[in-house]
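Observations on chain architecture
Okay, here's what each chain looks like letter by letter:
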Amino acid sequence: MPEGDSVFRLAARLRGQVSGRRIVAGELRSGTAAGSSLAGWRIAGLETHGKHLITWLDPDFALHTHLLMQGSWTVTRPGRSLPVRVRPAVRVRAEFDDGSTLWGIDMPVVDLLRARDVPAALAHLGPDPLRDDWDAAEAVRRLGRRPERMFVAALLDQRNLAGLGNLWVNELAFLSGIHPFDPIGIADATSLVERAARVLRLSATVPAMYQVTTGSTRRGSAHWVVGRAGKPCLRCGTPIRVRSETAGDPERRRTWWCPSCQPRRR
């Protein structure tokens, strides 16, 4: 699943390609507004909140999308189109006056909103370290509401802190020296939130550091625990363990940890 840094980078790329452009043809092919024409609107800008992307449409509308596991955005050059096999998955099409086209592909969430309704649509989300309105103290407060909750589950809950996905919460557990299934209440929440904000910003803004947690970009050494099941811990040499996700339980994602660096404390 794309994480907040992924969507932030996506928005930055799309801004350079489509911001300020007027749509001459196109439509929505999914969501409650499926069939609506996009012709005549201008893309006024793009904004992210956690894993959510808002595409502002002038005048007075916005497109709210979420990629979940499979969605993507791409822009084709004038005279080019998508491969035939991809076309059935198109959910958004927006063609510009030079013939280039913005495509939203296989996105489960496609909502056309009045601009004034965007804040309400995102009101459930917690503070986002990649936004100008980031509020670290509020993130700390929200994490403290359920101190008994599992570390990884609390950080995956977008209502507490928006933008962290499975990769980051597992890596943050290692960096914090906390077993992923221990309660979030044993962590120093202030330090944890500061660390989460720092790594997410680094990943989102420094080209060579995208989702690199160890500081090394060498193949197989970019992550402390994620994807390293059975391999020696880069810090102590103990084999990394993994627990598979539990079907139907959103709090039981696939989880990696080092049993030596992250001993159970509960």
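Quick summary incoming for the structure in this document. Every value quoted in this text rests on a predicted model; they were computed, and no experiment measured them.

Counting its secondary structure elements, the protein contains six helices and 10 strands. Rg of the C-alpha trace for the protein: 20 Å, near the compact-globule value of 18 Å for 266 residues, within the 12% margin. The long-range fraction of contacts in the protein, counting pairs at least 24 apart against all pairs at least 6 apart in sequence, stands at 60%. On the protein, roughly 12500 Å² of surface is accessible, and the fraction owed to carbon and sulfur atoms is 50%. Here the protein contributes 39 positively and 26 negatively charged side chains, and the mean placements of these two sets differ by 7 Å.

This part covers the environment of G50. Of note, G50 is situated in the loop between strand 2 (42-49) and strand 3 (52-58). Look at G50 and you get buried, because its relative accessible area is 1%. On a C-alpha basis, the gap between G50 and L161 in space is 8.2 Å, while along the polypeptide they are 111 residues apart.

Its place among the elements puts S100 in the loop between strand 6 (90-96) and strand 7 (101-105). Polar side-chain contacts of S100 include one of 2.7 Å to the side chain of D98. The residues touching S100, leaving out its near neighbours within four places in the chain, are R21, T76, R77, P78, A94 and E95.

The next point concerns the packing of helix 3 (residues 136-143) against helix 6 (residues 189-205). Here helix 3 crosses helix 6 at 125°, and the two axes come no closer than 9 Å. Relative to helix 6, helix 3 is oriented oblique. In the packing of helix 3 onto helix 6, the handedness of the crossing is right-handed. Side by side, helix 3 and helix 6 meet where A136, A139, V140 and L143 of the first sit next to A189, T190 and V193 of the second.

All told, the structure shown has one cavity of 30 Å³ or more when counted by the stated rule. The calculated volume of the largest cavity comes to roughly 50 Å³. Lining the largest cavity are I23, L38, I43, T55, L57, L63, W73, V92, A94 and L102. Partitioning the lining of the largest cavity into residue classes produces nine nonpolar, one polar and no charged.

Moving on: the nonpolar core. Formed by 39 residues in total, the largest nonpolar core has its most connected members in F151, L155, L161, L164, F174 and V225. Listed by contribution, the elements that provide at least two residues to this core are helix 3, helix 4 (151-156), helix 5 (166-176), helix 6 and strand 10 (255-257). No other element matches the seven residues that helix 6 contributes to this core. For L161, the contacting residues outside a window of four places in its chain are G126, P127, P129, W134, A139, L155, V193 and A196. Ranked by size, the runner-up nonpolar core spans 25 residues in total, among them A11, L28, I43 and L112.

So, on to the pairing of strand 3. Here strand 3 lies mainly inside the structure; five of its seven residues are buried. Linking two consecutive strands that pair antiparallel, namely strand 2 and strand 3, is a turn of two residues; a positive phi of about 60° is found at G50 within it. As paired strands, strand 3 and strand 4 (residues 61-66) are joined by six bridges and run antiparallel to one another. Within the sheet, the bridge partner assigned to I54 lies in strand 4 and is H64. Between the antiparallel neighbours strand 3 and strand 4 lie two residues, among them D60 with a positive phi of about 65°.

The rules we used
- Residues numbered from 1 in each chain as written.
- Predicted model: local features only at pLDDT ≥ 70, side-chain atom pairs only at ≥ 80, totals over all residues.
- Heavy atoms only, no water.
- Helix = DSSP H or I, 4+ residues; strand = E, 2+ residues; numbered from the N terminus.
- Rg over C-alpha atoms; globule rule 2.2 N^0.38 Å.
- Contact = heavy atoms within 4.5 Å.
- Areas by Shrake-Rupley, 256 points an atom, 1.4 Å probe, with all protein chains shown as cover.
- Lys, Arg positive; Asp, Glu negative; His and termini not counted.
- Charge placed at Lys NZ, Arg CZ, Asp CG, Glu CD.
- Buried < 20%, exposed > 50% of the residue type's maximum accessible area, 1.4 Å probe, protein only.
- Polar contact = N/O pair within 3.5 Å; in protein donor to acceptor, adjacent residues only side chain to side chain.
- Axes fitted to C-alpha atoms, helices over the stretch in contact; angles between N-to-C directions.
- Parallel < 35°, antiparallel > 145°, perpendicular 65-115°, else oblique.
- Left-handed = near helix turned anticlockwise from the far one by under 90°.
- 1 Å grid on protein atoms, 1.4 Å probe; cavity = no way out; pocket = protein on both sides within 12 Å on 5 of 7 lines; lining within 4 Å.
- Points joined across faces, edges and corners; volume = space filled by probe spheres on them.
- Nonpolar A, V, L, I, M, F, W, Y, C, P; charged D, E, K, R; others polar.
- Core = buried A, V, L, I, M, F, W, Y, C linked by side-chain atoms within 4.5 Å.
- Pairing = 2+ DSSP bridges.

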